[in-house]
Structures are given as C-alpha cells and as structure tokens.
Amino acid sequence: MLRWCFVLALVLAGCQAGNSSTASDTTSSDPSESSGAQTTDGQGSSSTANTSADASTDEPSTDPSTSASTQGPTTDTSATTAGSGEPTTGSTDDPTQGSTQTGDPSDTDGTDGTEGTDTSETTDATTGDLPPEPITGLITDENRHHDTMFGGWGPHLRGLMRASDNTLWFPVDAGPDVYTNSAIRYFHQPDDEWVEVTSQPHTAGIQQNAASVMLGDTIYTYGVNISQNFLEECYLNTNTLQKACNAILISNQVYTTPPSSNYVGAAAEQDQTRVVWWTRVGANGGEGDWRYTYNFGGGWNGPVVVPLAGGNDFAYVHAAFTTPGAIALVGQTYYGQYPDGTYGAAVASFSLGQVPTLIDLESGELGVAMISSADLWVDRQSGAQHVLARDDQGGVRYYFLPPGEQWQANNLPLHGFASTYRARFVRAQDDLWIARGDPEGGVDMLRVPGADPATAIPWELAESLVISPEGPGFAPPSAIYVESDSYQTMPVTALNLAYCGVYQQADNEIWWATLVSD
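All values derive from a computational prediction rather than experimental measurement. (Residues numbered from 1 in each chain as written. Predicted model: local features only at pLDDT ≥ 70, side-chain atom pairs only at ≥ 80, totals over all residues. Heavy atoms only, no water.)

**Observations regarding the environment of Trp 511**
Part 1: With respect to the secondary-structure elements, Trp 511 resides in strand β34 (residues 510-517).
Part 2: One polar contact links Trp 511 to Glu 509, side chain to side chain, over a distance of 2.9 Å. (Helix = DSSP H or I, 4+ residues; strand = E, 2+ residues; numbered from the N terminus. Polar contact = N/O pair within 3.5 Å; in protein donor to acceptor, adjacent residues only side chain to side chain.)

Laid out in structure tokens, this is it:
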C-alpha cells in the first residue's frame, strides 16, 4: 500500500499585477520597476559589479564564479536618466486588497472566496490509494507584511528550492514598509524543521519584492534598484554562506534601468541558463515594454525589448523553459491609464534572444474577462504547456497547448475553478497537481491520477485533498509557493509547497508542506 505524507509550508512573497494585452515582434529594451519584483537566473557565471557599500557583507563583494563575457547580441546597454521609481500602473494583486498605495488598486477578484464562474464541476474521484496524511510545518511567523502590503504579495517570485544534498531552502523579503525591501532572509530545512540560517542586505534602493532561483547550491535573487537605477543580483552559496549583492553587467558595463522599471521576475534551467525580466511601465497610460536579459553561463545578454502594442505594462509573469534556450510564459496585461484601464492575461513561447508576440487568453464566456496570470507548467518530454489564468468572476481557468501547436488556436479555456484566488501547478508522484486556495481555508490539492501531461488534463475528474491550516486566517491563503523546475536546477523529487495567510489575519505566517510516498 501507498503511504502518503504531505507537508505544507507558509512562505513569504510579494505580488504584483499590471495589465497590457498583447505584445508585438519588435526589439528594444528598457526596464522599469517600482513595486514588486520577480527575476530568474541560471548559472553562477553571471557578470556583476559591486555598486554600493550598503550591500557590503563580511563576504567578498563579487561572485567568484562570475564572468564579464557575454554570449549573443547586445540589444541595449546605454544609460538612461533615473526616474522616481514610483509605480505608474494598477494591479489586480493589491498589496492590501483595498489600498491604492504604490499605485496598486484593490483586488479586483477578491480573496474572500466570492463565487466565480465554473466551466465544469470538479468532483472527487477514488483511486484505491490511501489518502495523503497532511503534515504541516511553520517556516516563519515573521513574514514581511504591513498595513499597506499583505504578506502574500508575489508568489510567482520564488519557490521552495532543492539543494544538491536534497534539502530545501526558501528566501523571503524583509523591510520596514512597502517602499523598502531591505534584506533577504534565508530559511533552510535540514531535518524536519525550518531554521533561518543567515540574511544579507539588499543594495539601498530595492523597493518592494525580489525574485529568486537556485542553481546547484547557490541562490540568486534579483531586484530593480529604483534609486541607483540598476538590476541587482544577490547570491548566497548555501555551503559556505558566502554572499554579496552586485549590479548586473551587460556587455561589460553596469546596465542602467530606465525610469518606471518594475515587475521583475526570474527563471532557471537545468543547464544553468538564467532569465531575468522586468517591465518599463508606460507613462500616463501610454505604451510600455517588457524586457528580459539572459545568461547561458558566460555573462548577461541583451536586454531584449518587447513593445506591448499599446499596452501599459506586462506583469506577474510565470515562466518555464520548454527546451534548452527556449521559454514559455503567462502574464498580466494592462491597457490604458490606471485606474480606468483594462486588465487581461497573455501567453508567449519563444527562443531566448527573440522578441515574442503575446497572445491574449480569452474566457470563452460572454461578459467574463480574464484579468491576470496564475501559473504555467511545461511537460519537457512532449513540449505540452499547461496554463492557469484568473478571471474577473473570482475564478481560475485552465488552458492547454498541445505539442507542436500555437497559442493563437488554443487560447480558450478547457476547465474552470470557481471561487479560486490562488492556483499553482505541482508536478510530483507521477501526477500533475493543482494546489488551489480553498475559500473555506487551506489548500485544495487536485489531481487526476495517471493523467498524461502530454495531453489536456480532465480536471472535472479530479480527486481532492484539502490541506487544512493549523489555525484560523487562511480562508483562502493569500499566496501559494511551490517547488518547481522554474526555480531550481535540481530535479523535483517530491511534492512541496507553502502558503501564506489572509491579510491582517495570518499573513505574518508562512507554512510548508510536502507529499511523498513510501
């Protein structure tokens, strides 16, 4: 018989949302960040330069494994004048779910479990296996949260990450207010409990959140420094605890971020390729652009600039590699001037160095609009892509891209989950799971046992296991973090996730969970 163990972890993170619809095939580059960050980074050969005494630690100021050489064309390395760094657009992931601080509007879909549309009912199925036995553990009860920023902001920015000794790590933000992200705290689970091992300060000027990935045993964290106008890379060698924060070099010089750079993000590939992205938000509702830089191991290339075809920004991007050197993504678009603009969700697949075209996802239902991204998972064997996106009825919809096909012909949903604020894919135990924030509290784990990830998953046949929280304040969780290939180079060998409580109720807590079989 199969014995299941499931351990949930609460993890801190930040959330962002902006909206722009589709992007065209043009090249240009100019990041702009102000309120939320995600980034991706691959291997340890990135080129960085120390730029601020504020980032100094007891360790050397540069990564000994970095190199200044670049691979591929350089799209833009010119310096630009610094702006105020203040956010210039709205978001469907409001830091306070009601506050307009930092330009983010109140949550348009709600996190209170309000009903949404459902394109097909999810039912419980029986497989004959013993049900998992949830085992939860606390990561921290000091998650970063403020009156103007909820602790579940930005779950796409990091995940539970596996080192070569098979133990898990998790980085979290620290700062005195929503405008200041002052440090990174590193949590480790060497045995059954999480411990804070070390921390390090960001360079002065990282405003809100940062994005982290793990290459081998080194954690890389990326942010946009809005006062000194550069892309920051921090690293921690988890074996030696050597650490530092530096400015990214592109073509052997510090890359200067343009005004209004925001919404950073990152992803990693098993060959240690890294990608970091951000948005230059358009001024006064005007057209912005999405930018990314990539590192095959010899230095940072680009940045590649993706015009947004009239869109103001492209934010809250989830990404995953499809093949070496190629990536897929889903993100939130915004058109117009906040708060009177229009939200959407868009996808793209492209090779690094190319300018992708964003394809809008449709709801498939009259009067229902898609408003943001939720998650993306790629089956590397077949190339099939699975996507989750949020609608304006408080639900999440499932999309599928068959191997070898294009999104233009597959942008309608195949299934819907009502009353769902957060939903993430988790691949483990030979099944593709969806971890769904349960409006009654905790995380609803859904799977269709034995479903082939090369084909569309019939989620209407899913069996359900609810991971209940240890206490009140998780109805539903405001963030879900997962162990995923998008955040690490080590293979995912077990089902791990974490979640954060509701704003002003339990968003100071981050809990962890894992699901393994004997």
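**What about the nonpolar core?**
Part 1: Judged by nonpolar contacts, the single largest core of 21 residues is most densely connected at Val 275, Trp 277, Trp 290, Tyr 292, Phe 314, Ile 327 and Leu 329.
Part 2: Among the elements of the structure, β17 (274-280), β18 (289-295), β19 (300-307), β20 (313-323), β21 (326-335) and β22 (342-351) are those that each provide at least two residues to this core.
Part 3: In terms of nonpolar packing, the next biggest core, distinct from the first, is built from 20 residues, Val 213, Tyr 220, Ala 244 and Ala 266 among them. (Core = buried A, V, L, I, M, F, W, Y, C linked by side-chain atoms within 4.5 Å. Buried < 20%, exposed > 50% of the residue type's maximum accessible area, 1.4 Å probe, protein only.)

**Some details on the pattern of salt bridges**
Part 1: Summed over all chains, the structure comprises 14 salt bridges.
Part 2: Here Glu 142 makes a salt bridge to Arg 185, at a shortest N to O gap of 3.5 Å. Of this pair, Glu 142 sits in the loop between β5 (137-140) and β6 (152-153) while Arg 185 sits in strand β9 (residues 183-189); the two residues are 43 residues apart in sequence, bridging distant segments of the chain.
Part 3: The residue Arg 162 makes a salt bridge to Glu 483 at a minimum N-O spacing of 2.8 Å. Here the residue Arg 162 occupies a position in strand β7 (residues 161-162), and Glu 483 occupies one in the loop between β32 (479-482) and β33 (495-500), the gap between them amounting to 321 residues. Pair check on accessibility: Arg 162 and Glu 483 agree, each one buried.
Part 4: A single network of salt bridges, built from pairs that share partners, joins Glu 142, Arg 185 and Glu 196. (Salt bridge = Lys/Arg side-chain N within 4 Å of Asp/Glu carboxyl O.)

**A closer look at the environment of Asn 252**
Part 1: Note that Asn 252 resides in the loop between β14 (243-250) and β15 (253-254).
Part 2: Under the relative-accessibility criterion, Asn 252 is labelled exposed at 54%.
Part 3: As a C-alpha pair, Asn 252 and Trp 300 span 48 residues in sequence and 8.9 Å in three-dimensional space.

**A few points about the sheet that holds β21**
Part 1: Judged by pairing direction, the sheet is antiparallel, and its four strands sit side by side in the order β20-β21-β22-β23 without closing on themselves. Each of the sheet's edge strands pairs with one partner strand only, and the pair in question is β20 and β23 (359-360).
Part 2: Pairing of β22 with β23 involves two bridges; the strand directions are antiparallel. Within β23, the position partnered with Val 347 by the bridge is Ile 359. (Pairing = 2+ DSSP bridges.)

**A few points about unusual backbone geometry**
Note: most peptide bonds trans; most residues except glycine with negative phi.
Part 1: Going from Gly 302 to Pro 303, the amide bond is cis rather than trans, its omega being 0°.
Part 2: Here Pro 303 lies in strand β19.
Part 3: The step from Tyr 338 to Pro 339 runs through a cis peptide bond, and the omega angle for that step is 5°.
Part 4: Looking at the element boundaries, Pro 339 is found in the loop between β21 and β22.
Part 5: Located in the positive-phi region is Asn 252, a residue other than glycine, with phi close to 65°.
Part 6: The phi torsion at Gln 272 lies on the positive side, around 80°, for a residue other than glycine.
Part 7: With respect to the helices and strands, the residue Gln 272 is situated in the loop between β16 (261-268) and β17.

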